[in-house]
Amino acid sequence: MGGSSSALKVCTDHQGGINWLSLSPDGQWLLTGSEDGTARLWSTADSQCRGHFQGHESYITFCHLENEAAFTCSADHTIRKWDVMTGQCLAVYRGHTSIVNRILVSKDYLFSGSYDRTARCWSVDKEKPIQEFRGHRNCVLTMALYSSKDLLENSEGEESEEEKLSKDFLVTGSTDCTVKVWWVSSGRCHQTLLGHTGAILCLILDAPNRELFSGSTDYTIRTWNIVTGEQLRVIKEHQGAIICLELVNRRLYSGSADRTVKCWMADTGERVWTFKAHKHSVSTLKYHAGILFTGSGDACVRAFNTKTGILQRVFRGHKLVINCIQIHNELLYTASHDGTLRIWDVRPLGKRGKRRWKKERSLQGRSAQRGSLSRLFNNKVGCMGHPEGGREQEAVELM
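Nothing here was measured: the structure is a model prediction, and the numbers come from that model.

S.K.: Whenever I open this one, the environment of Val321 confuses me. Can you help?
M.R.: Residue placement: Val321 occurs in the loop between strand E30 (311-315) and strand E31 (322-328). In this structure Val321 comes out as partly exposed when scored by relative accessible area, which is 25%. Distance in space between the C-alpha atoms of Val321 and Val301 is 9.6 Å, their sequence separation being 20 residues. For Val321, the residues in contact, after removing those within four places along its chain, are Ser283, Ser296, Gly297, Ala335, Ser336 and His337.

This is the structure in structure tokens:
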């Protein structure tokens, strides 16, 4: 437990860092967007590069993959749509006046956020924006989308596209320290959520529970009621910027510049675990089958058992920060600023976790009693937590 793994394959085709990695809905393809200004399409069946999308005039900041179309946005101020099969550029969306750093695709609509202080909505089939969202005083860094129908238990029959759009809301987070909620149909600002004192780096929505979670450089996570705009909770335990969030089964995981990941009960804000094995900022999170995968500026990916808090494996090989993680068919895909895409087998993790559940609990208890001095690779404590129903205790990385 806590051992290292070697990659099954290292893909070195890109000539610059990989900024994002997207998995198609059907799981057949992966898309990488790079500092070299190109995107590449990879088959999950054989891990071979099947497409090379060229045309941007600067680095690609983000990408999104559908089954038949790929979308990329760039520091060249544009977004592009590509045919997955032919690699042909199908559309260039122009209008932003600075770096486009995020996109969202929802059926026939494309949303983009930019350093030009605006977000925009485009028809996927047209190259001119159909809506602009103006009001932020600084860069738009992160976005989320929800529909008011997601808040209702029962839908009200068939609706036209116009009626559906009128119920959509875009949520944007900015370096101006605010979160804004916009009517998609009109571009009007519905709410401005005030409270943060630093840039908003990440947003995550739980529409059925009417909650929005925001993470900021002010070291806090805030929970909001997305209907009323009321601030429900402020979580202040991190000692660095909140870089990434992941919400699974009403447990909220937060990755921070303080080199930790923390797990919280979303309903109460109570801390469950603190994972402390990282040697640099935590840059990305991905939950899969009871395992939380974390990527860090220390160039490692780690796998933590979310029931025990134990570090089960460290994936070493990258040279620079891990920017994105995807998982499909028990394969872990990691993209780094070192320009490589690495593929790892994670099947043994689940099996090992089941076999060693009792052993881990026993070792965890003994380690806590003797002051938790066990170490792995000379790292100190792996995580700290207070499992449900028990007093706070410390779980460690084990040899």
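S.K.: I'm lost on the nonpolar core in this one. Help?
M.R.: Where a protein is soluble and globular, its nonpolar side chains tend to be buried together. Counting 16 residues, the largest nonpolar core has Tyr253, Val261, Cys263, Phe275, Leu285 and Leu292 as the members making the most contacts within it. When contributions to this core are tallied by element, the ones reaching two or more residues are strand E23 (242-248), strand E25 (261-265), strand E26 (271-275), strand E27 (282-288) and E30. With 3 residues, E26 is the largest single contributor of residues to this core. Beyond its immediate chain neighbours, meaning those up to four positions away, Leu292 contacts Tyr253, Val261, Phe275, Leu285, Lys286, Tyr287, Arg302, Ala303, Phe304 and Thr306. Counting 14 residues, the second-largest nonpolar core is a separate cluster that includes Phe169, Val179, Val181 and Leu193.

S.K.: Is there a simple way to think about the sheet that holds strand E13 (residues 118-123) in this case?
M.R.: Judged by pairing direction, the sheet is antiparallel, and its 4 strands sit side by side in the order E11-E12-E13-E14 without closing on themselves. Strands at the two margins of the open sheet, each flanked by one partner only, are strand E11 (100-106) and strand E14 (129-134). Each strand of the sheet is rotated relative to its neighbour by a mean of 20 degrees, with strand direction disregarded. Direction of pairing for E13 relative to E14: antiparallel, over a ladder of 5 bridges. In the strand pairing of E14, Trp122 is matched with Pro129.

S.K.: How do you make sense of the packing of aromatic side chains when you look at a structure like this?
M.R.: Any two aromatic rings considered together are summarised by their centre-to-centre distance and by the angle between their planes. Taken as a whole and assessed by the stated rule, the structure comprises 10 aromatic pairs. Taking 5.3 Å as the distance between ring centres and 70 degrees as the angle between the ring planes, the aromatic pair formed by Phe315 and Trp344 counts as edge-to-face. With Phe315 in strand E30 and Trp344 in strand E33 (residues 341-345), the pair connects residues that are 29 residues apart, well separated along the chain. The aromatic ring of Trp20 is capped on one face by Arg102, whose charged end is 5.2 Å from the ring centroid.

S.K.: Looking at this structure, how should I read the sheet that holds strand E32 (residues 331-336)?
M.R.: Across a sheet, paired strands are connected by hydrogen bonds in the backbone, their directions being either parallel or antiparallel. The 4 strands are arranged E2-E33-E32-E31 in an open sheet whose pairing can be described as antiparallel. Two strands lie at the open edges of the sheet, namely strand E2 (9-11) and E31, each paired on one side alone. Neighbour-to-neighbour, the strand axes of this sheet turn through a mean angle of 20 degrees, independent of strand direction. Pairing analysis gives 6 bridges linking E31 to E32, with the strands arranged antiparallel. Bridging from a neighbouring strand, Ile327 pairs with Leu332 of E32.

S.K.: It is not clear to me how the pattern of salt bridges should be interpreted in this structure. Could you clarify?
M.R.: Two side chains carrying opposite charge are able to pair once their charged atoms lie near each other. On inspection of all chains with the given rule, the structure shows 14 salt bridges. The salt bridge partner of Asp206 is Arg250, with a shortest N-O separation of 2.6 Å. Here the residue Asp206 occupies a position in strand E19 (residues 200-206), and Arg250 occupies one in the loop between E23 and strand E24 (251-256), the gap between them amounting to 44 residues. Given a relative accessible area of 17%, Arg250 falls into the buried group. With its nearest N and O atoms 2.6 Å apart, the salt bridge here joins Arg250 to Asp267. Of this pair, Arg250 sits in the loop between E23 and E24 while Asp267 sits in the loop between E25 and E26, placing them 17 residues apart in sequence.

S.K.: Is there a simple way to think about the pairing of strand E29 (residues 301-305) in this case?
M.R.: The side chains of a regular strand alternate between the sheet's two faces. Counting buried residues in E29 gives 5 out of 5 residues, a clear majority hidden from the surface. Residues Val301, Ala303 and Asn305 line one face of E29 and the alternating positions Arg302 and Phe304 line the opposite face, and both faces are buried. Sheet topology places strand E28 (residues 291-296) next to E29; 5 bridges connect them, and they run antiparallel. When the bridges of E29 are listed, Ile291 appears paired with Asn305. Taking the residues between adjacent antiparallel strands as the criterion, E28 and E29 are bridged by 4 residues, where Ala299 takes a positive phi near 75 degrees. Between the end of E29 and the start of E30, which pair antiparallel, lie 5 residues, with Gly309 showing a positive phi angle near 80 degrees.

S.K.: Looking at this structure, I do not really get unusual backbone geometry. What am I missing?
M.R.: Most of the time, phi is negative for any residue but glycine, and the peptide bond is trans. The phi angle at Asn249 is positive, at roughly 50 degrees, despite the residue not being glycine. Assignment of secondary structure puts Asn249 in the loop between E23 and E24. Unlike most non-glycine residues, Glu330 shows phi in positive territory, near 60 degrees. Position of Glu330 relative to the elements: it lies in the loop between E31 and E32. The class of Glu330 is partly exposed, set by a relative accessible area of 32%.

Calculation rules
- Residues numbered from 1 in each chain as written.
- Predicted model: local features only at pLDDT ≥ 70, side-chain atom pairs only at ≥ 80, totals over all residues.
- Heavy atoms only, no water.
- Helix = DSSP H or I, 4+ residues; strand = E, 2+ residues; numbered from the N terminus.
- Buried < 20%, exposed > 50% of the residue type's maximum accessible area, 1.4 Å probe, protein only.
- Contact = heavy atoms within 4.5 Å.
- Core = buried A, V, L, I, M, F, W, Y, C linked by side-chain atoms within 4.5 Å.
- Pairing = 2+ DSSP bridges.
- Axes fitted to C-alpha atoms, helices over the stretch in contact; angles between N-to-C directions.
- Phe/Tyr/Trp six-rings, centres within 6.5 Å; stacked < 30°, edge-to-face > 60°.
- Lys NZ or Arg CZ within 6 Å of the ring centre and 35° of its normal.
- Salt bridge = Lys/Arg side-chain N within 4 Å of Asp/Glu carboxyl O.

As far as function goes, none of this settles anything; it's purely spatial.
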